[in-house]
Amino acid sequence: MPRPSLRELDHIDPTIIAEFRRTKQSMAIPEYLQKYIIHLDRAIEIMRYCGDLYKSVRQLMEEFQDEDMSFSVARSRIYDAIHYFHINNQIKNEAWNQYYADRFEVMADDNKMLGDMKEARLCMEKAHELRTRRDENAINPDDLKIKDQVISPDLTPERLGLKERNLRKLWLDTTTFLEELELDPGHRKKILKEAAEVLDADYEEIN
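Fair warning: this is a prediction, and the values are worked out from it, not measured in the lab.

Colleague: If you had to explain the packing of helix 3 (residues 31-50) against helix 5 (residues 71-85) to someone new, which residues and values would you point to?
Modeller: Each packed pair of helices is defined by two parameters, the angle between the axes and the distance between the axes. Orientation of helix 3 relative to helix 5, taken along the N-to-C sense of each, is 85°, at an axis distance of 8 Å. Between helix 3 and helix 5, the angle is such that the two are roughly perpendicular. Residues Tyr 36, His 39, Leu 40, Asp 41, Ala 43, Ile 44 and Met 47 of helix 3 pack against Arg 77, Ile 78, Asp 80, Ala 81, Ile 82 and Phe 85 of helix 5. The residue makeup of the contact of helix 3 with helix 5, split by class, is nine nonpolar, one polar and three charged.

Here it is as structure tokens:
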């Protein structure tokens, strides 16, 4: 079976490809390219919700395990999907770094075979830079840790710029206000309990 590529898709009318993606049927597209397009469609969907290159490759292999899809084939499908659908704004920078690091390593091997060791070295250095580059989209785990807050035992509301409130007076004012309203006993009791919670007090104890 021929090895599919994006170059072959470039020679097919986009409307034909779009129709096949919708119906999964076509008389104009060879069977091996039909499978290729299906792979690309699923690869792009996985990358959009996963964003991690390695996990996306593994997921694609799992979904097409009946075709014995290898890791290298799954990875190439992810790469081709990135090129074909232009989703650079949907993929984490780390995925792009790994993608181009792979490409630079291939270029390094090609230059070794051509005897251009200087260019091979430059490609390997670039690949290493991309492999070890920190993803600016990543979250530092230390930033998610709860920091201990040390509060002095003699801290007062005044030192925090707050006015001290007499909770007993606030409670009496609240009960007096509610007594002036025409409320049934059950409703009044419910409001008093809510007021006690706001004052951080125990209703039964206060009552």
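Colleague: A description of unusual backbone geometry should follow, citing residues and the corresponding values.
Modeller: Glycine aside, residues mostly have negative phi angles, and peptide bonds mostly take the trans form. Positive phi, close to 60°, is recorded for Lys 24, a residue that is not glycine. Positionally, Lys 24 belongs in the loop between helix 2 (14-23) and helix 3. Positive phi, normally seen in glycine, also occurs at Asp 68, with a value near 55°.

Colleague: Tell me about the side chain of Asp 102, residues and numbers included.
Modeller: Among the secondary structure elements, Asp 102 is positioned in helix 6 (residues 93-113). Look at Asp 102 and you get buried, because its relative accessible area is 10%. If we ignore the near neighbours within four places in the chain, the residues touching Asp 102 are Arg 75, Tyr 79 and Arg 131.

Colleague: Give me the lowdown on the nonpolar core, citing residues and values where you can.
Modeller: Considering soluble globular proteins, one finds that nonpolar side chains tend to be buried as a cluster. Formed by 29 residues in total, the largest nonpolar core has its most connected members in Leu 9, Leu 33, Leu 40, Leu 60 and Ile 78. Elements that contribute at least two residues to this core include exactly helix 1 (6-10), helix 2, helix 3, helix 4 (53-63), helix 5 and helix 6. Among the elements that make up this core, the one with the highest residue count is helix 3 (nine residues). Aside from chain neighbours lying at most four places away, what touches Leu 60 is His 39, Arg 42, Ala 43, Ile 46, Met 69, Ala 74, Arg 77 and Ile 78. With five residues, the next largest nonpolar core counts Leu 178, Leu 192, Ala 195 and Ala 196 among its residues.

Colleague: I'd like a description of the layout of surface pockets, backed by residues and values.
Modeller: To find the voids left in a structure, one rolls a probe of water-molecule size over its atoms. For the largest pocket, the calculated volume is near 510 Å³. Lining of the largest pocket is provided by 24 residues; of these, Arg 3, Ser 72, Val 73, Ser 76 and Arg 77 occupy positions nearest its centre. Put simply, the parts of the chain that give the lining of the largest pocket at least two residues each are helix 3, helix 5 and helix 6. Residue composition of the lining of the largest pocket, by class: 10 nonpolar, five polar and nine charged.

Colleague: Just give me the short version of the packing of helix 3 against helix 4, but keep the residues and values in it.
Modeller: Running from N to C, helix 3 and helix 4 cross one another at 140°; their axes reach a closest spacing of 9 Å. The pairing of helix 3 with helix 4 is recorded here as oblique in orientation. Handedness of the helix 3/helix 4 crossing: right-handed. Every residue of helix 4 that contacts helix 3 at His 39, Arg 42, Ala 43, Ile 46, Met 47, Tyr 49 and Cys 50 is listed here: Leu 53, Lys 55, Ser 56, Gln 59, Leu 60 and Glu 63. For the contact of helix 3 with helix 4, the residue count by class is seven nonpolar, three polar and three charged.

Calculation rules
- Residues numbered from 1 in each chain as written.
- Predicted model: local features only at pLDDT ≥ 70, side-chain atom pairs only at ≥ 80, totals over all residues.
- Heavy atoms only, no water.
- Axes fitted to C-alpha atoms, helices over the stretch in contact; angles between N-to-C directions.
- Helix = DSSP H or I, 4+ residues; strand = E, 2+ residues; numbered from the N terminus.
- Parallel < 35°, antiparallel > 145°, perpendicular 65-115°, else oblique.
- Contact = heavy atoms within 4.5 Å.
- Nonpolar A, V, L, I, M, F, W, Y, C, P; charged D, E, K, R; others polar.
- Buried < 20%, exposed > 50% of the residue type's maximum accessible area, 1.4 Å probe, protein only.
- Core = buried A, V, L, I, M, F, W, Y, C linked by side-chain atoms within 4.5 Å.
- 1 Å grid on protein atoms, 1.4 Å probe; cavity = no way out; pocket = protein on both sides within 12 Å on 5 of 7 lines; lining within 4 Å.
- Points joined across faces, edges and corners; volume = space filled by probe spheres on them.
- Left-handed = near helix turned anticlockwise from the far one by under 90°.

Function cannot be read off these values alone, since they describe shape.
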